[in-house]
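Fold and contact review
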Amino acid sequence: MVAFVDILGYQALIRETHQNGTAQSLLTRLHQALFAASRHLNDLDQNGNPLLPPSTLPKTDLYKIRTFTDNIVIGYPIQNDGEGELGAIFWKLSSFQCEMVNHGFFVRGAIAIGDLHIDDMTVFGQGLLDAYDGESKHARDPRIILTKSANEAVRQHMKYYANPSDSPQWRDLYKDADGQVYLSYLESILIAEQECGPFFDVLTSHKTAVETKLTEHRNQPTYWAKYAWSASYHNFFCDQYPDHFSEEHKIDVSQFNMQPSRIA
């Protein structure tokens, strides 16, 4: 199983900050965001300590992570039918993506199933190519999609349940208007739903991050449309849990709609 993820608009961010003299500030923010978000990939707490005691960790690595520039590759060997590994990847990437967005960095990516080799020098294999193609050609918006191979595996796993809505995949994934299946990363705020309810502060941070981007890119339709997608996703997620979220938690997209006007 392979996940390929990158930061949306990374090159444009670098160019802009070099032009206005804020490159150092961007680097600092990016470093802080990646450090915070990578905790979720590596099962570390907010202080960088293992969430699990060493005695409970496997003797061999369950998965490998490699980062370079704005790209992150995760390779996860599949045991048996792969349902457990896919579930673990969904959770890790959801938490990672939510953390990055709330630091102001939107990401997109793709998950595939295929051959992969990762060591200290190389990342190689058809699985990497499939995940990269999914990210570069089909993800488009700030979403992590499933390629055909991953989607087929999920469909098979959901057949194990008498009712598809009883499956964990039903909550983990949404189907977009263009047919792409993608990771619902805001589900990560419901991890402690039974014990203490949703993390409302995280949802509020997400709302603010999206609204900020919609304001910043109002005069850049290509970029603005991507954050409009994020606003639509945010509101759709809130609508799925009416017992938890109300209109106050949603984004008022009417404030940011790009309306025509007279020239004088």
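Residues numbered from 1 in each chain as written. Predicted model: local features only at pLDDT ≥ 70, side-chain atom pairs only at ≥ 80, totals over all residues. Heavy atoms only, no water.

**Topic: the overall build of the protein chain**
Within the protein chain one finds nine helices and nine strands. Looking at the protein chain as a whole, 44% of its 264 residues qualify as buried. Here the analysis covers contacts within the protein chain between residues at least 6 apart in sequence; of these, 66% occur between residues at least 24 apart. Once the 22 positive and 33 negative side-chain charges of the protein chain are each reduced to a mean point, those two points are 6 Å apart. (Helix = DSSP H or I, 4+ residues; strand = E, 2+ residues; numbered from the N terminus. Buried < 20%, exposed > 50% of the residue type's maximum accessible area, 1.4 Å probe, protein only. Contact = heavy atoms within 4.5 Å. Lys, Arg positive; Asp, Glu negative; His and termini not counted. Charge placed at Lys NZ, Arg CZ, Asp CG, Glu CD.)

**Brief notes about the packing of helix 3 (residues 83–102) against helix 8 (residues 200–216)**
Here helix 3 crosses helix 8 at 55 degrees, and the two axes come no closer than 8 Å. Classed by the angle they form, the pair helix 3 and helix 8 counts as oblique. The hand of the helix 3/helix 8 crossing is left-handed. The segment helix 3 lies against helix 8, with Cys98, Val101 and Asn102 engaging Val202, Ser205, His206 and Ala209. Here the residues of the contact of helix 3 with helix 8 are counted per class, giving four nonpolar, three polar and no charged. (Axes fitted to C-alpha atoms, helices over the stretch in contact; angles between N-to-C directions. Parallel < 35°, antiparallel > 145°, perpendicular 65-115°, else oblique. Left-handed = near helix turned anticlockwise from the far one by under 90°. Nonpolar A, V, L, I, M, F, W, Y, C, P; charged D, E, K, R; others polar.)

**Looking at the packing of aromatic side chains**
In the structure shown here, the tally under the stated rule is 13 aromatic pairs. Here the aromatic rings of Phe200 and Phe245 are separated by 5.8 Å at their centres, their planes lie at 80 degrees, and the arrangement is edge-to-face. Of the two residues, Phe200 sits in helix 8 while Phe245 sits in the segment after helix 9 (221–240), which places them 45 residues apart along the sequence. A residue is classified by how much of its surface remains accessible, and Phe245, at 5% relative accessible area, is buried. Pairwise contacts between aromatic rings join Tyr174, Tyr182, Tyr185, Trp229, Tyr233 and Phe236 into one cluster. (Phe/Tyr/Trp six-rings, centres within 6.5 Å; stacked < 30°, edge-to-face > 60°.)

**Examining helix 9**
Taking 1.5 Å of rise per residue, 20 residues should cover 28 Å, and helix 9 covers 29 Å from first to last C-alpha, within 8% of that figure. Those residues of helix 9 lying buried are Trp224, Lys226, Tyr227, Trp229, Ser230, Ala231, Tyr233, His234, Asn235, Phe237 and Cys238. Contacts from the buried residues of helix 9 go to strand 4 (107–112), strand 8 (173–175), strand 9 (181–183) and helix 8. (Expected span 1.5 Å × (residues − 1).)

**Observations concerning helix 4 (residues 126–139)**
Here helix 4 is 14 residues long and its end C-alpha atoms lie 18 Å apart, about the 20 Å a rise of 1.5 Å per residue gives. Within the span of helix 4, buried status applies to Gly127, Leu128, Ala131, Gly134, Glu135 and Ala139. One side of helix 4 holds all its buried residues, which, seen down the axis, span an arc of 125 degrees. Turning to helix 4, the residues buried within the fold contact strand 1 (2–7), strand 3 (71–75), strand 4, strand 6 (123–124) and strand 7 (144–146). One or two steps after helix 4, the chain reaches Arg140, where phi turns positive at roughly 60 degrees. (Arc of directions from axis to C-beta.)

**Notes on unusual backbone geometry**
Positioned with a positive phi, Asn80 is a non-glycine residue whose angle comes to about 60 degrees. Assignment of secondary structure puts Asn80 in the loop between strand 3 and helix 3. Judged by relative accessible area, Asn80 falls into the exposed class, the value being 81%. Of note in the backbone geometry, Arg140 takes a positive phi value of approximately 60 degrees without being a glycine. Looking at the element boundaries, Arg140 is found in the loop between helix 4 and strand 7.

On their own, these measurements won't tell you what the molecule is for.
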